[in-house]
Amino acid sequence: MTTTTDNTARSRATRRRRAKSAVAGTGYHLFSGVMAAIFLVPILWVTLNSFKTRAEANQATPTWFPHSWSLENYGALASYGNGIGVYLGNSLVLSTLVVIGTVIVTVFAGYGFARFRFRGKSLLFGTTLLILMVPYATILIPLYIVLGWLHLSNTVIGLALTLVMFQMPFGVFLMRNSFESIPRELEEAALVDGCGPIGALRYVSLRLVTPGIVTVALFSFLASWNEFLAPLIFLNDDRQYTLPLMLVGASTGLYGAVNYGSLQAGIVITIVPVLLLYLALQRYYVSGLVNGALRG
Amino acid sequence: MLATSSDDVAVARRTRRSPRKGSALTDRPGLGMLFVAPLAAIVVVLFLIPLGVLVFMSFQDWPLLGGPKPNGIANYQAIPSNSLFTGAITFTLTYTALATVAIFAVSFVLVAVSNSHRPGAKAYRTAFFLPYVVGTAAAALIWFAAVNDQNGIANTILQDLGFTKGPWGFLDTPGQALFTTLTLVVWKFIGFQVIVLLVGLQAVPAQLYEAARMDGASTLQRLRYITLPFLRPTLALLLILSITGSLLAFDQFQVLTHGGPDNGTITLVMAIYNTAFSRFDLGKAAALSVVLLVALVLLNGVQLMFLRRKDDQ
Amino acid sequence: MESPAHHLPARLRHLIGTTAILTASVLILAACSSSSPAPSATKPDNGTQLTMWVRQANGPVAQSLVKAYNATHKNQVKLTTVPDAGFQTKIGAAAGSSGLPDILASDVVYSPNYVKQGLYQDLTTEVKALPFYSNLSHAHTDASSLNGKIYGVPFVVDSSLIMYNKDLFAKAGLDPAQGPKSFADIYNDAKAIRDKVGGDTYGFYFPGNCSGCDAYSMLPYLAAAGEPLFKNDGKTAQVDTASMKATLDLYKKLYDQGIVPASAKSDDGTNWTTLFNAGKIGILPIGNFNFGTAEKGKINYGEAGLPAPDGSATSGFIGGDVVGITKNSTHKAQAFDFLTWVLGSDAQVNVLAKAGDLPSRVDLANNKYSSTNPAIVAAIKGEATGYTPSSTAYGALVNDATGPWLKLLRDYIFSGDSNAISTAQKSFQDGLNQAQ
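Residues numbered from 1 in each chain as written. Chains lettered and ligands numbered in written order. Predicted model: local features only at pLDDT ≥ 70, side-chain atom pairs only at ≥ 80, totals over all residues. Heavy atoms only, no water.

A.B. asks: Before we go on, may I ask you to explain the overall build of chain C in this structure?
C.D. replies: Broken down by element type, chain C carries 18 helices and 14 strands. The proportion of buried residues among the 436 residues of chain C is 59%. Taking contacts inside chain C between residues at least 6 apart in sequence as the whole, the part at least 24 apart equals 75%. (Helix = DSSP H or I, 4+ residues; strand = E, 2+ residues; numbered from the N terminus. Buried < 20%, exposed > 50% of the residue type's maximum accessible area, 1.4 Å probe, protein only. Contact = heavy atoms within 4.5 Å.)

Structure representation (structure tokens):
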């Protein structure tokens, strides 16, 4: 008797739970969908706006969808200043330099910090983390002075080195932890097999920290691609200007007028490459963080 | 300390310990130094020397004419009587508290959503993260376009939903401007926090939950006794990042509110920036920068110490 | 192999100890932004490489001037355009690290601040020795003078004024030869056009949400009435005045009675000229920079100065850029050669006037290019009575979209807040006090 009641009770409970979970599922998707929409709407709105005519993008009652699709805003940007191609190219060159520099510096340093003991190790690591805490805007003036002293002011190299420096704290932290998460035994086996330490790094560990490297590369790309202040201050040749400088220049007119259409087209042009890059690398990126950031 | 799979945990536990004696690698300090040499060179030349110049500046009267003159600690003494600076300090602390609370609160909700095993959870997670790839300045410009009284879509949404009759005036008062900036900051930065928390959550061994459920622990109890302790290092890291980032807030206010209205949203870094770049008072700007840097180092040092002591227990 | 990190503390100590010497030498080094380090007071045109910065908005004009100069001189000027929004920052950073170019052109409204901060070299003797000194647009030299010394000369000049559509005037039964000369004229003419032509044609227009545009087109009313916004070297604000009230009342009346299209309320400057250039607006306070576009749109327009409320005088906001030689330049003579050439009649007529821009010398008003358009001649002559509000806080108080100027306009005109003027008087004065 008791078992039957028990069973019916249990099956009723299961049914109830199932019904409840169906309701919960709908509720879940309703809630999450709304949240996701809130996060996507600003990007969607900007994108839609950028394809409106200049008049519609600026008109008093905003519209959601363009009444007539137009490339007017993009056309205005294409011919702006030295032409958008120049700025895109400059941004690409700068970001590539920063990515390469950051990856080289932080992979080596991360390996050094993870695997070796030497004097001044924690001091150097701590000093590197200190870079995160210095007010960015103020250190730029002394930095500019020092770059001038090295004959690197007004050069893309000087600018790239500066941006590499600001990417180092995160990069080194992540790479050190990534290397630490790899069993040391693997490398030692490689050493026994006759590889040198560089060989061990190259053939064994580097492959295992690829997600970490991709993450560092992605972050340094994002940062340098979006950077405004450093290129503004460090570059004195407008043919070297990057996308964000153009974006700001093109969207402000005489006497403080703002051209929302051009502004939004510029934002879209800036966002799209990094968005695609992120989506392409998303898989690596998450696992890079898993191995790196969280094994403090 | 946290890892994805239990295999990894075991491996990580073993390798995490500081270098053991007799290892083929660890006993070659020269080689280690060689690996960190590029980093060290950049740190010294591009960070420590400029930092030295900054500290030097802070002890100088540094106008544009005539060259710098040492003036001892006058720049530091002037900080408490500079209303721009004191206003900025108060505002920055308020902002930091609000932003940190908002980011943590919202991120917990979003983590709960994205940590589900339901189909679609991954897509939601991607949606939450996407704003993070947008640069801060570009994000602030999106807000700038979206909240203006004339053709900003945000006002239209509020009106369509029946919340307001006319434009709400997102940037009309310092309070409204702060609120608007907070929505921007949550939107822009929360993706990173969500991902990091998710990664942390996945590291909590599932058996623990199972065991707790057998013992009849409630959801709240599981949260209190399993999830939170495991997440503590992650939370601490995020707290440090959030507080440091908020205390150094600049772009979002510079682009969106310009510090207005009525100088009501000027952050510390903005005050430093204006002092240096439009008033050309490099000495005073440098002094405040140094104070801010020291405060951040102390703050983070204390947090880390606290964290480490708890770790050792 | 020694680690750099190993010696870090020692290096740091050494570094801080020598920073003073280091900085001094850096200052000298960085000052030599131009190629030839030898101070060359000898020949003004001796093949020196000069650097020059200009804001992006005036990049094209500057480019054509520099091109013409380089083609005819041994000296070569290398021009860099700086985004307007980042201009102050870039100048600040360069000034702080002695990296300023030889020649710096800056927005005339920012030049009082730069002069006060000592960015420019004193050019009093050189400028006063110019044969055409008395004919220079004095608004520019005033804005770049301090304590009787001159630090800059006009580079790009534009002037605010009224443009009116002669065809619409005729349609409304008004005399197309007579532009509005007082506030009463403006109201009556605009109302006549709205009443008699009507439809989608309006009498008057202003961009109601563009702080800079409205300062440019409204402040001259106050100056013409003898009550400029700033007086006392920019130390005192004059907001609560009869002319300010008259100006705001006029705009409010025009807007409330539908003589101005409703869309004006939200225009942030993007559509400032759109309707006028489409032939839909009778009277538009604007700047001479719209002449060319209006001609392209086949608008038959006339020009008038911006009047005092009672029509007793007119004025115009003289905008554009001031140019000077920075204190980091070691080529003062060569840089001044460029400035002299820019102000000379060749560049003024054959480069600026030819392109439809305003020469900055009143004596060149009737040159062969400008004289084809009476409106341009009038605008150049207007430089004699023109005005530039001079205050170190101009940016924060007036140009900034979050400043008190735009708030005053919107509160008074669109919200009907009659206390807005006295509130603004206080905010302006507070802002000026803060900037001192």
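A.B. asks: What should I look at first to understand the pattern of salt bridges in this one?
C.D. replies: Pairing is possible between side chains that carry opposite charge, provided their charged atoms lie close to one another. Residues and elements named next belong to chain C. Counting across every chain of the model gives 14 salt bridges over all chains. Of the charged contacts, one joins Lys 191 and Asp 195 as a salt bridge, the two residues approaching to 3.2 Å between their closest N and O atoms. A residue pair is termed a helical-turn pair when its members lie 3 or 4 positions apart in one helix, as Lys 191 and Asp 195 do in helix α8 (residues 183–196) at 4 residues. In this structure, Asp 430 and Lys 426 form a salt bridge, with 2.9 Å as the shortest nitrogen-oxygen distance. Residue Asp 430 and its partner Lys 426 are located together in helix α18 (residues 420–435), separated by 4 residues, close to a single helical turn. Judged by its relative accessible area of 36%, Asp 430 is partly exposed. Owing to a relative accessible area of 54%, Lys 426 belongs among the exposed residues under this scheme. Among the charged side chains, a salt-bridge network with shared partners connects Arg 55, Asp 84, Asp 107 and Asp 321. (Salt bridge = Lys/Arg side-chain N within 4 Å of Asp/Glu carboxyl O.)

A.B. asks: What exactly am I supposed to notice about helix α8 (residues 174–202) of chain B here?
C.D. replies: Because the α-helix completes a turn every 3.6 residues, residues three or four places apart line up on one side. Residue and element names in this part refer to chain B. Between its first and last C-alpha atoms α8 spans 41 Å; for 29 residues at 1.5 Å apiece the expected length is 42 Å, and the two agree. Most pronounced at Phe 189, the bend in α8 amounts to some 45°. Of all 29 residues in α8, 23 are buried; the element is thus mostly enclosed. (Expected span 1.5 Å × (residues − 1). Bend = angle between axes of the 7 residues up to and from the residue.)

A.B. asks: How should empty space enclosed by the protein be read in this particular structure?
C.D. replies: Gaps between atoms show up when a probe of the same size as a water molecule is rolled over them. Going through the model one piece at a time under the given rule, you end up with 1 cavity of 30 Å³ or more. One number sums up the size of the largest cavity: a volume of about 40 Å³. Secondary-structure elements contributing two or more residues to the lining of the largest cavity are α6 (136–149) of chain A together with α2 (29–58) and α13 (282–312) of chain B. Along the lines of polarity and charge, the residues of the lining of the largest cavity split into 8 nonpolar, 1 polar and no charged. (1 Å grid on protein atoms, 1.4 Å probe; cavity = no way out; pocket = protein on both sides within 12 Å on 5 of 7 lines; lining within 4 Å. Points joined across faces, edges and corners; volume = space filled by probe spheres on them. Nonpolar A, V, L, I, M, F, W, Y, C, P; charged D, E, K, R; others polar.)

A.B. asks: Got a minute to help me understand the nonpolar core in this structure?
C.D. replies: For soluble globular proteins, nonpolar side chains are generally found buried alongside one another. Phe 113, Met 168, Phe 179 and Ile 267 of chain A together with Leu 39 and Tyr 95 of chain B are the most contacted members of the largest nonpolar core, which has 194 residues in total. Looking at this core element by element, the count peaks at 17 residues for α2 of chain B. (Core = buried A, V, L, I, M, F, W, Y, C linked by side-chain atoms within 4.5 Å.)

A.B. asks: Just to check I follow, could you spell out the packing of aromatic side chains for this structure?
C.D. replies: What characterises a pair of aromatic rings is the spacing of the ring centres plus the angle enclosed by the ring planes. Across all of its chains, the model carries 44 aromatic pairs over all chains by this definition. Judged by centre distance (5.2 Å) and plane angle (35°), the rings of Phe 51 of chain A and Tyr 74 of chain A are tilted. On the criterion of sequence distance, the pair formed by Phe 51 of chain A in the loop between α1 (2–50) and α2 (54–58) and Tyr 74 of chain A in helix α3 (residues 72–78) is long-range, its members being 23 residues apart. For the pair Tyr 216 of chain C and Phe 317 of chain C, a centre-to-centre distance of 5.3 Å together with 55° between the ring planes defines the contact as tilted. One end of the pair, Tyr 216 of chain C, is in helix α9 (residues 211–224); the other, Phe 317 of chain C, is in the loop between β13 (314–315) and β14 (318–325), and 101 residues separate them in sequence. Residues Tyr 216 of chain C and Phe 317 of chain C agree in their burial class; the two are buried. Here a set of aromatic residues connected by ring pairs shows up, and it is made of Phe 170, Phe 219 and Tyr 278 of chain A together with Phe 129, Tyr 132, Phe 189 and Phe 192 of chain B. The ring of Tyr 225 of chain B carries Arg 224 of chain B above its face, with NZ or CZ at 4.9 Å from the centroid. (Phe/Tyr/Trp six-rings, centres within 6.5 Å; stacked < 30°, edge-to-face > 60°. Lys NZ or Arg CZ within 6 Å of the ring centre and 35° of its normal.)

A.B. asks: How should the environment of Thr 155 of chain A be read in this particular structure?
C.D. replies: All names here are of chain A. Inspection of the secondary structure puts Thr 155 in the loop between α6 and α7 (156–180). Taking the C-alpha atoms as reference, Thr 155 lies 7.4 Å from Phe 234; in sequence the two are 79 residues apart. The contacts of Thr 155, once residues within four sequence positions are left out, are Phe 234 and Leu 235.

A.B. asks: What is the right way to read the side chain of Asp 102 of chain C from this model?
C.D. replies: Topologically, Asp 102 of chain C is positioned in the loop between α3 (87–96) and β3 (103–107). Within polar-contact distance, the side chain of Asp 102 of chain C engages the backbone nitrogen of Thr 51 of chain C at 3.0 Å. (Polar contact = N/O pair within 3.5 Å; in protein donor to acceptor, adjacent residues only side chain to side chain.)

A.B. asks: I would appreciate a short explanation of the interface of chain A and chain B in the present structure.
C.D. replies: Bring the parts together and some accessible area is lost; that lost area is often taken as the interface size. With 100 residues of chain A in contact, the opposing surface of chain B contributes 97 residues. For the pair chain A and chain B, the two sides together bury roughly 8,700 Å², of which 78% comes from carbon and sulfur. At the boundary of chain A and chain B, one finds 0 salt bridges. By residue number, the principal contributor to the side of chain A that touches chain B is α1 of chain A, which donates 17 residues. Here the residues of the side of chain A that touches chain B are counted per class, giving 72 nonpolar, 19 polar and 9 charged. (Buried area = accessible area lost by both parts, 1.4 Å probe.)

A.B. asks: Sorry if this is basic, but what is going on with the pairing of strand β2 (residues 76–82) of chain C here?
C.D. replies: Every regular strand shows the same layout, with side chains that alternate between the two sheet faces. All names here are of chain C. In terms of burial, β2 is largely enclosed, as 5 of its 7 residues are buried. Here 7 bridges tie strand β1 (residues 49–55) to β2, and the two strands are oriented parallel to one another. Across the sheet, Val 54 pairs through a bridge with Thr 81, a residue of β2. The β-α-β motif built from β1, the intervening helix α2 (residues 59–72) and the parallel element β2 has right-handed crossover chirality. (Pairing = 2+ DSSP bridges. Right-handed = clockwise from strand over helix to strand, strands pointing away.)

A.B. asks: Which parts of the structure should I look at to understand the packing of helix α4 (residues 84–115) of chain A against helix α9 (residues 197–208) of chain A?
C.D. replies: How two helices sit against one another is set out by the angle between their axes and by the gap between those axes. Residue and element names in this part refer to chain A. Running from amino to carboxyl end, α4 crosses α9 at an angle of 105°, the nearest separation of the two axes being 12 Å. Taken together, α4 and α9 sit at an angle that is classed as roughly perpendicular. Counting all contacts with α4, which are made through Val 107, Phe 108 and Tyr 111, the residues of α9 involved are Pro 197, Leu 201, Ser 205 and Leu 206. Classifying every residue of the contact of α4 with α9 gives 6 nonpolar, 1 polar and no charged. (Axes fitted to C-alpha atoms, helices over the stretch in contact; angles between N-to-C directions. Parallel < 35°, antiparallel > 145°, perpendicular 65-115°, else oblique.)

A.B. asks: Even after reading the chapter, I still don't get unusual backbone geometry, so can you show me in this structure?
C.D. replies: Residues apart from glycine generally show negative phi values, whereas peptide bonds are mostly found in trans. Residue and element names in this part refer to chain C. Its identity as a non-glycine residue notwithstanding, Asn 147 has a phi of 50°, on the positive side. Tracing the backbone shows Asn 147 in the loop between β4 (145–146) and β5 (149–150). Even without being a glycine, Lys 298 presents a positive backbone phi close to 55°. Checked against the element boundaries, Lys 298 lands in the loop between α12 (291–296) and β11 (301–304). Residue Lys 298 is classed as exposed on the basis of its relative accessible area of 72%.

A.B. asks: How should helix α7 (residues 153–160) of chain B be read in this particular structure?
C.D. replies: Where α7 of chain B is concerned, the buried positions are Ile 153, Ala 154, Asn 155 and Thr 156 of chain B. One or two positions beyond α7 of chain B, positive phi appears at Gly 162 of chain B, with a value near 85°.

A.B. asks: Please clarify how the side chain of Thr 136 of chain B should be interpreted in this entry.
C.D. replies: Mapping Thr 136 of chain B onto the fold places it in helix α6 (residues 136–147). Those residues in contact with Thr 136 of chain B, other than ones at most four positions away along the chain, are Lys 188, Phe 189, Asp 251 and Gln 252 of chain B.

A.B. asks: What exactly am I supposed to notice about the packing of helix α13 (residues 332–343) of chain C against helix α14 (residues 345–352) of chain C here?
C.D. replies: Residues and elements named next belong to chain C. Two elements in contact, α13 and α14, have axes separated by 4 Å at closest approach and are oriented at 60°. Of the possible angle classes, the one that applies to α13 and α14 is oblique. Between α13 and α14, the residues in contact are Trp 341, Val 342 and Leu 343 and Ser 345, Asp 346, Ala 347 and Gln 348, respectively. Considered class by class, the residues forming the contact of α13 with α14 number 4 nonpolar, 2 polar and 1 charged.

A.B. asks: Explain the pairing of β3 of chain C here, please?
C.D. replies: All names here are of chain C. With 5 of its 5 residues buried, β3 lies for the most part within the structure. Bridging between β1 and β3 involves 2 bridges; their strand directions are parallel. By the bridge assignment, Met 52 is partnered in β3 with Ile 103. In terms of strand pairing, β3 meets β14 through 5 bridges, oriented antiparallel. Residue pairing in the sheet places Ala 105 in a bridge with Val 323 of β14.

A.B. asks: When you look at the environment of Pro 309 of chain C in this model, what are you seeing that I'm missing?
C.D. replies: Residues and elements named next belong to chain C. Residue position: Pro 309 is located in the loop between β12 (306–307) and β13. For Pro 309 and Ala 246, which are 63 residues apart along the polypeptide, the C-alpha to C-alpha distance reads 6.7 Å. Aside from chain neighbours lying at most four places away, what touches Pro 309 is Ser 182, Phe 183, Tyr 221, Ala 225, Ser 243 and Ala 246.

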